[in-house]
Amino acid sequence: MEGIYAFCVGLMTACGIFLTLRGRTFSVVVGLTLLSYAVNLFLFASGRLRLDAAAVLGESENYGDPLPQALVLTAIVIGFAMTAFAVILAMRARADLGNDHVDGRIPQTKESARQKSGGQR
Amino acid sequence: MNTLLCIPLLVLLGTIVPLCSMRYSRTACAFLTAALPALALFLILDLAPAVIAGERFNVAVDWVPAIDLSLAFRLDGLALLFSFLILGIGLLVILYARYYLSKEDNIGKFYSYLILFMFAMLGVVMSDNLIQLWVFWELTSISSFLLISFWGHKSEARKGARMALTITGAGGLFLLAGLLMLGDVVGSYSLQTVLDSGDLIRAHSSYPIIVVLVLVGAFTKSAQFPFHFWLPNAMAAPTPVSAYLHSATMVKAGIFLMARFYPALAGTDLWFLIVSMTGLATFLLGGYLALFQHDLKGLLANSTISHLGLITLLLGMGSDLALVAAVFHIINHATFKASLFMAAGIIDHESGSRDMRQLNGLWKYMPYTATLAMVASMAMAGVPLLNGFLSKEMFFNETLHQDSLGSLSWMVPVMATLGGVLSVAYSLRFIHDVFFNGEPINLPKTPHEPPRYMRVPVEILVALCLIVGIFPSFIVGDLLQSASFSALNGPVPEYSLAIWHGFNLPLLMSAIALVGGLMVYYNRRHLFKFQAQFPAKDPKVIFERGIQQLVAKSASFINFFENGSLQRYVYFVMSLTIVVSAYPLLDLDATAGRRPEIPVDALSITGAVLLTLGSLGTVIWHRRRMVALLTLSVVGLIVTLAFARFSAPDLALTQLSVEVVTVILLMLALFFLPQKTPKESSPRRVVRDLGISAMIGGIVGTVIYAMMTRPLDTISDFFLENSKTGGGGTNVVNVILVDFRGFDTLGEITVLGIAALGIFKLISRMRLYMPSGNEQGRAWSEDRHPLMLSVVSQSLLPLALLVSAYIFLRGHNMPGGGFIAGLITSVAIIQQYVAHGVDWIKERLKLDYQIMIGSGIGIAALTGLGSWAFGHPFLTSWFDYFSLPVIGKFELASAMIFDLGVYLTVVGATMLILANLGQLTTSERATFEEDA
C-alpha cells in the first residue's frame, strides 16, 4: 500500500510541477492545486498510514498520529486561500495587462517572430 | 564616573551642541561647539603628567563578555600624543572654520560632522579592544565622507567623497579580517594582550596573512602607494577639513595603526620589506607629483602623501630609533602641514583662486600671512631651526643605519636624499610661485589679509614649529619619550633632540637636499615640459569608469537571473530543488525501511488508478481548461477518500468541502479567463519541463516511501494522553487545533482573513469585460436560475445549516469543528447564490463578510486574552461539565468559543472571496467611468 501511495504522491507532484512550469496563469493555478494535494498527502504520510485508527479517543484500539492531521487540516484551508489569491491575481493580471501569460507579456519566440515578419511581407 | 570614559563621551555629546546652537550667531555656535572638546582636552591635560611618568590608564565596561567584546578605553603615551593632536588641532580648526565658511554654509551641520569625526578619531587612538578600534576606524571613514561631501552640490566633492569612502572603507574591511584573525590567534581581543603576545603572533602560521590584511587597512587610510590617489581627490572638501583630516588626523590613523601594532606585528623581514618599500615608493612618488601640481591644495595633498611615506618608511626600518623618529615626525608634520593648509585656505578665501598659475606676488597684499606660510613651508622643506629639520635629520640618520635591502641598502639613503630634494623643491615652489614671481593674473578678488582671528590658528601652529625647532627637548621631549615608550611597548633607546650634532653625514644629506632642491626648482621649466609629454591621467575618471563597469557587470549578471519572467524563476527554483533534495538521498542506503507495509486491496488500487488517470488527464488536457478542471476535481475527490481511508475523518471532511469551494471558484475564474490555452511551448521546452517534473516527482516519491517504511518516533503520545484530561475533548485533532496549538491556529485564521481581504481589494478594482458567450461564440443561457434548483436549494438551506451546527458542536469530541462547520456553512450559502443570484441574496441575507472575519479573529484572540484574566498563560483553555434537566449532562469549554472564532473567520473569508467574485458576473459589478 505504501508503494502505491508514494507513487501517487510522486505522480501528482510531477504533474503539478509540469503545470506550474507552463506559461499561462490558469495552468499554473491548476498546477498549484495539484501540488498542494501532493504536499498535504506528503505531510499526512509523515504520521504513517493506518487503517481504522482515527484519532478519536475511545473509538479504536490504537490511534493514528493526530499531529500531522492537525497540521494538514489548516494547510488545506490555507491552501484554498492561496489558490484563491493566485487565481484572482491571475484575473487581475489579465485585466490590467491584457494577457494571461505568467510573465505579464507574451514572450517573442523565434517562430512567432518569423510569422510576424512573414505577415508583413 | 571615570574620567577616562568621560573624554570620548564628552566629545560624542559635543556632536549635538552645534545643531542646537546654530540658531544663534555663528560665533556663538563656534564657541559652544568648542566647549566640550576643550573640556575633554582639559581632562586629558589633567591626566597627562601621570601618563608621561609612565602610568597607563584603562577603563573597561563589559558588553558581551562571552565573545570578549567590551567598551574599553586606554590612555598611554601614544594615545596621549594623538589625543593632543586631535583635540588641539581640532579646536584650532573650529575657530578657523568659523571664518572660512560663508554665511550660506550650514555651519551647525559642518561642526556636527567635524565633532563626530573628532569622536571617531579619538575612539581609534584610545580603544583598548580590537573590534571597538575597528568600529571607530570605520566611523572615521563615514564621518570623513560626510565632511568631504559637505559641498554636495559640487560634482567633484561627491566624486571625491565617494572615492575616499570606497578606498578607506574597503581597506577597513581588510583590517577587520586582519583584526579578527589576530584576535583568534591570540585568543583575546584586548589590545594589551595582543601587544604582549608579539612572539606568539610572529611564530603563527597565519602571521603573513594578518600582516598583509592589517597593512592594507593602514595603507588605504594613510594614502600609501598604490592607494594614494584618493587623497588629492579629497581636496574638494572645505579647507578646514583638509587641514584637520588630511594633514593631522585621519591620514595619520594608518600610521597610528602601524605604530600601535608595532610590538605585535613588526620585527620580521616581511614587515620590513612591505612597509619600508611601500613607504619609500610613496615618499618619492608623492614628492614628485607635488612638484607638478598647479592647485595649491593639490600640492599640499601630494606632499602629505610624501611625508606619510616618509613616516611609513621609518616604521619599516626595524630599529627602535627609527620609530622614535617616526613619532617625532608625526608631531612635526601635523603642525606645519595643518598651518600650511590653513594658509592655503586663507589665500583661497581672500583671493578667490587656488591655481598657482594665477596666484603670484601675494607678498604685497598679505605680507603677514605670507610670512607665516613661508615659515611653515620652510619647516616642510627641513630648514634648520624649524621642527621639520630635526625629524628629517633623524630620518636621514636612520636611513644610514639600516640594512633591510642587504647589499643594496646604500640605495635607501640616496633615495631619501632624493626625496629631500623634491620636498625642498615643492616647498620652494609654494613660497616663490605664490608670494613672489611677478603679479597676480586674473584673480576673481583683490587679495587682502584675512580677519584677525582667522590667522590665530596659523600663528599658534607656526609658533609651535619654531619653538619645537629651537627648543625640541624642552617642548616635546617628554611627550615623545612617553609616546615612543608605549609604541614600543618597552624601553626607549637613547637619542638626542639637539639641533647641532656636529658635521656628519645626515647634515651633508640635508645640505645636498637644500641645494638640490634649489637647483631643481630653478630648472623647473624643463621639468614641466618633460612632464607634459606624459598623457594626463585623471585617477577620478579611471576610478569612476571602474565603478561604472562594475555596476554594469553586476546589472547584466542580475538581469540574467532576474529578467521579469516568472517561468524562468520557477525553472531556476525547481532545478535547484532537484540538486538540493537529491544530494542527501545519495547517502540513503536503501529506499525501503523495515516497517511492515499494509497489504494492498482492490479498493485502494481502484482509487490509485482513478487518481493516476485524473492527474495525467489534467496534464494532457490542460489546454482545454474546463476538462482539466473536471479531471482535477476527480483527483481532489480521490484525495478526500484517501484521507477517509487512512483514518483521518477530519481531513476528509475538510478536503471535501474545500474541494467544492475550490472548483466553484475556479469555474467562476474560468468565466473571465480564456477557455483554452494556446499551444506555445516549444518541443524542447516540453521535454525539459517533463524531465524536471519527473525528477522531482521521483525524488518526492522516494522520500515519502522511505519515510513511510521506517518506524515512527512521534511526540503525539502527549496529545493523546492529555486530550481528554487537559483539553476536555476526545477528538485529538480538534483539541490540538483549538487548545494545544491554539496559537498556531490563531495565526492561521489571521492569514486566512488577510488573504481574503487582499483578494477583496484585488477584485474591487478589477476591469474585466464580461464575455457574452463561450469560445465558439455561443451565447450563455439567459435562464440563470432554474426554478427546480431554486426550490430545492431553498429547502436544503436549513438542513445544511443544521448539519453545520451539529458538526461544529460535536467537533470537540467527534470529527468536526470550526473549520469544517465553517466550510459547510459556506457551501450552503454559495448554493443559495448559485440558485438565486446575488440580487436575491442581497435582500435577504444581510451579512458583512469583512466584519465577520474581523469578529472571528477578535473572538479567538479575546478567548486567548481571557485566560490572562484568570492568571493563566495566553490561550489556556478551561472546561467543565454541567447538566440540564432535559438535555442531560453536557460540556462547556472555552475552546468552543475559540472554535466559534475559527468558524466565523472561515465563513467570512470564503464568502468574501466567492461572493465578490460571483458579483462580477452580475449587474452588481462595479462600473468604471471609462466603461460608461
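Quick caveat: nothing in here was measured; it's all calculated off a predicted structure.

**Considering the overall build of chain A**
A tally of helices and strands in chain A yields 4 helices and 0 strands. The N-to-C order of helical and strand elements in chain A reads α-α-α-α. Within chain A, the fraction of its 121 residues that count as buried is 64%. Within chain A, residue pairs in contact and separated by at least 24 positions form 48% of the contacts whose partners lie at least 6 positions apart.

**Some points on the overall build of chain B**
Of regular secondary structure, chain B possesses 38 helices and 4 strands. The proportion of buried residues among the 932 residues of chain B is 54%. Intrachain contacts of chain B at a sequence separation of at least 6 include 78% that bridge at least 24 residues. Accessible surface computed for chain B: about 40,200 Å², of which carbon and sulfur atoms make up 68%.

**Things to note about empty space enclosed by the protein**
The full count for this structure, using the stated rule, is 7 cavities of 30 Å³ or more. When its volume is computed, the largest cavity comes out at roughly 100 Å³. Lining the largest cavity are 13 residues, and of these T33, S36 and Y37 of chain A together with Q655 and V658 of chain B lie nearest its centre. For the lining of the largest cavity, the elements supplying multiple residues, two or more each, are α2 (25–45) and α3 (66–97) of chain A together with α29 (649–672) of chain B. Residues of the lining of the largest cavity, tallied by class, amount to 5 nonpolar, 7 polar and 1 charged.

**What about the nonpolar core?**
Across soluble globular proteins, you tend to see nonpolar side chains buried next to one another. Residues W230, F261, L265, W271 and L315 of chain B are the most contacted members of the largest nonpolar core, which totals 192 residues. The residues contacting L265 of chain B, other than those within four sequence positions of it, are L182, I201, R202, Y207, I210, V211, V214 and W271 of chain B. Of all hydrophobic cores here, the second largest spans 125 residues; its members include V29 and A45 of chain A together with L611 and A909 of chain B.

**Examining the pairing of strand β1 (residues 57–64) of chain B**
Residues and elements named next belong to chain B. Here β1 pairs with strand β2 (residues 69–75) via 7 bridges, running antiparallel. Paired with A60 across the bridge in β2 is A72. Counted between consecutive antiparallel strands, the loop separating β1 from β2 contains 4 residues, among which D68 sits at a positive phi close to 60 degrees.

**Quick word on the pattern of salt bridges**
Residues and elements named next belong to chain B. For the coordinates displayed, the defined rule picks out 22 salt bridges over all chains. With a closest N to O distance of 2.0 Å, E439 and K364 form a salt bridge. In this pair, E439 sits in the loop between α20 (411–435) and α21 (452–470) while K364 sits in the loop between α17 (320–351) and α18 (367–381), placing the two residues 75 residues apart along the sequence. We classify K364 as exposed; its relative accessible area is 57%.

**Notes on α2 of chain A**
Over its 21 residues, α2 of chain A extends 30 Å from the first C-alpha to the last, a length consistent with the 30 Å expected when each residue adds 1.5 Å. Burial of α2 of chain A is extensive: 17 of the 21 residues sit out of reach of the surface.

**Examining the side chain of T910 of chain B**
By secondary structure assignment, the location of T910 of chain B is in helix α38 (residues 894–919). Among the residues examined, T910 of chain B registers a relative accessible area of 2% and is labelled buried. If we skip the residues at most four places from it in the chain, T910 of chain B touches F80 of chain A together with V661, L823 and S826 of chain B.

**Concerning the side chain of R524 of chain B**
Residue and element names in this part refer to chain B. By secondary structure assignment, the location of R524 is in helix α24 (residues 524–531). One buried charged residue, R524, forms no salt bridge at all, with the nearest opposite charge on D433 at 4.4 Å. Those residues in contact with R524 that lie beyond four places of it in its chain are H432, D433 and N437.

**What to know about unusual backbone geometry**
Residue P226 of chain B is bonded to the preceding F225 of chain B through a cis peptide linkage, with omega at 0 degrees. Relative to the assigned elements, P226 of chain B resides in the loop between α10 (207–221) and α11 (230–233). Despite not being glycine, D52 of chain A has its phi angle at roughly 50 degrees, a positive value. Structurally, D52 of chain A is set in the loop between α2 and α3. Unlike most non-glycine residues, N489 of chain B shows phi in positive territory, near 55 degrees. Judged by relative accessible area, which is 30%, N489 of chain B ranks as partly exposed.

**Quick notes on the interface of chain B and chain A**
Contacts between chain B and chain A engage 113 residues on the former and 79 residues on the latter. Taken over both partners, the interface formed by chain B and chain A buries close to 8,800 Å², and the fraction arising from carbon and sulfur atoms is 77%. Where chain B packs against chain A, one counts 4 salt bridges. Linking D689 of chain B and R22 of chain A is a salt bridge whose minimum nitrogen-to-oxygen distance equals 2.8 Å. At the surface where chain B touches chain A, the tally comes to 25 residue pairs in polar contact (both at pLDDT 80 or more). At 16 residues, helix α30 (residues 683–708) of chain B tops the list of elements feeding residues into the side of chain B that touches chain A. For the side of chain B that touches chain A, the per-class residue count stands at 68 nonpolar, 29 polar and 16 charged.

**Notes on the environment of S83 of chain B**
Residue and element names in this part refer to chain B. Structurally, S83 is set in helix α4 (residues 77–100). A sequence separation of 39 residues divides S83 from L122, and the C-alpha atoms of the two residues are 6.3 Å apart. Among all residues touching S83, those that are not within four sequence positions of it are I44, L75, G88, L122, V125 and M126.

**Re the packing of helix α15 (residues 269–291) of chain B against helix α16 (residues 296–315) of chain B**
All names here are of chain B. One can describe the packing of α15 onto α16 by two numbers: an axis separation of 7 Å at closest approach and a directional angle of 155 degrees. What the angle tells us is that α15 and α16 run roughly antiparallel. Read as a crossing pair, α15 and α16 show a hand that is left-handed. Residues W271, V275, S276, G279, L280, T282, F283, G286, G287, L289 and A290 of α15 pack against L299, N302, S303, I305, S306, G309, L310, T312, L313 and L315 of α16.

**What to know about a nonpolar patch on the surface**
Residues and elements named next belong to chain B. A cluster of nonpolar side chains, contributed by L385, I460, L464, L466, I467, I470, F471, F474 and I475, occupies part of the molecular surface with about 790 Å² of accessible area. Elements represented by at least two residues in the nonpolar patch include exactly α21 and α22 (472–488). The element that contributes the greatest number of residues to the nonpolar patch is α21, accounting for 5 residues. You can call I467 partly exposed: its relative accessible area is 36%.

**Looking at the confidence of the model for chain B**
Detail in the predicted coordinates should be disregarded across regions flagged by low pLDDT. All names here are of chain B. The share of residues in chain B with pLDDT of 70 or more is 98%, and the mean pLDDT across the chain is 89. When mean pLDDT is compared element by element in chain B, α10 scores highest at 95, while strand β4 (residues 888–893) scores lowest at 75. With pLDDT under 50 throughout, residues 927–932 is counted as low confidence; its partners more than four residues away or in other chains account for 5 contacts. For this predicted complex, the interface confidence reaches an ipTM of 0.91, while the overall pTM sits at 0.68.

Rules used throughout
- Residues numbered from 1 in each chain as written.
- Chains lettered and ligands numbered in written order.
- Predicted model: local features only at pLDDT ≥ 70, side-chain atom pairs only at ≥ 80, totals over all residues.
- Heavy atoms only, no water.
- Helix = DSSP H or I, 4+ residues; strand = E, 2+ residues; numbered from the N terminus.
- Buried < 20%, exposed > 50% of the residue type's maximum accessible area, 1.4 Å probe, protein only.
- Contact = heavy atoms within 4.5 Å.
- Areas by Shrake-Rupley, 256 points an atom, 1.4 Å probe, with all protein chains shown as cover.
- 1 Å grid on protein atoms, 1.4 Å probe; cavity = no way out; pocket = protein on both sides within 12 Å on 5 of 7 lines; lining within 4 Å.
- Points joined across faces, edges and corners; volume = space filled by probe spheres on them.
- Nonpolar A, V, L, I, M, F, W, Y, C, P; charged D, E, K, R; others polar.
- Core = buried A, V, L, I, M, F, W, Y, C linked by side-chain atoms within 4.5 Å.
- Pairing = 2+ DSSP bridges.
- Salt bridge = Lys/Arg side-chain N within 4 Å of Asp/Glu carboxyl O.
- Expected span 1.5 Å × (residues − 1).
- Lys, Arg positive; Asp, Glu negative; His and termini not counted.
- Buried area = accessible area lost by both parts, 1.4 Å probe.
- Polar contact = N/O pair within 3.5 Å; in protein donor to acceptor, adjacent residues only side chain to side chain.
- Axes fitted to C-alpha atoms, helices over the stretch in contact; angles between N-to-C directions.
- Parallel < 35°, antiparallel > 145°, perpendicular 65-115°, else oblique.
- Left-handed = near helix turned anticlockwise from the far one by under 90°.
- Patch = residues over 30% accessible without salt bridge, like charges linked within 9 Å, V, L, I, M, F, W, Y side chains within 5 Å.
- pLDDT = per-residue confidence, 0-100.

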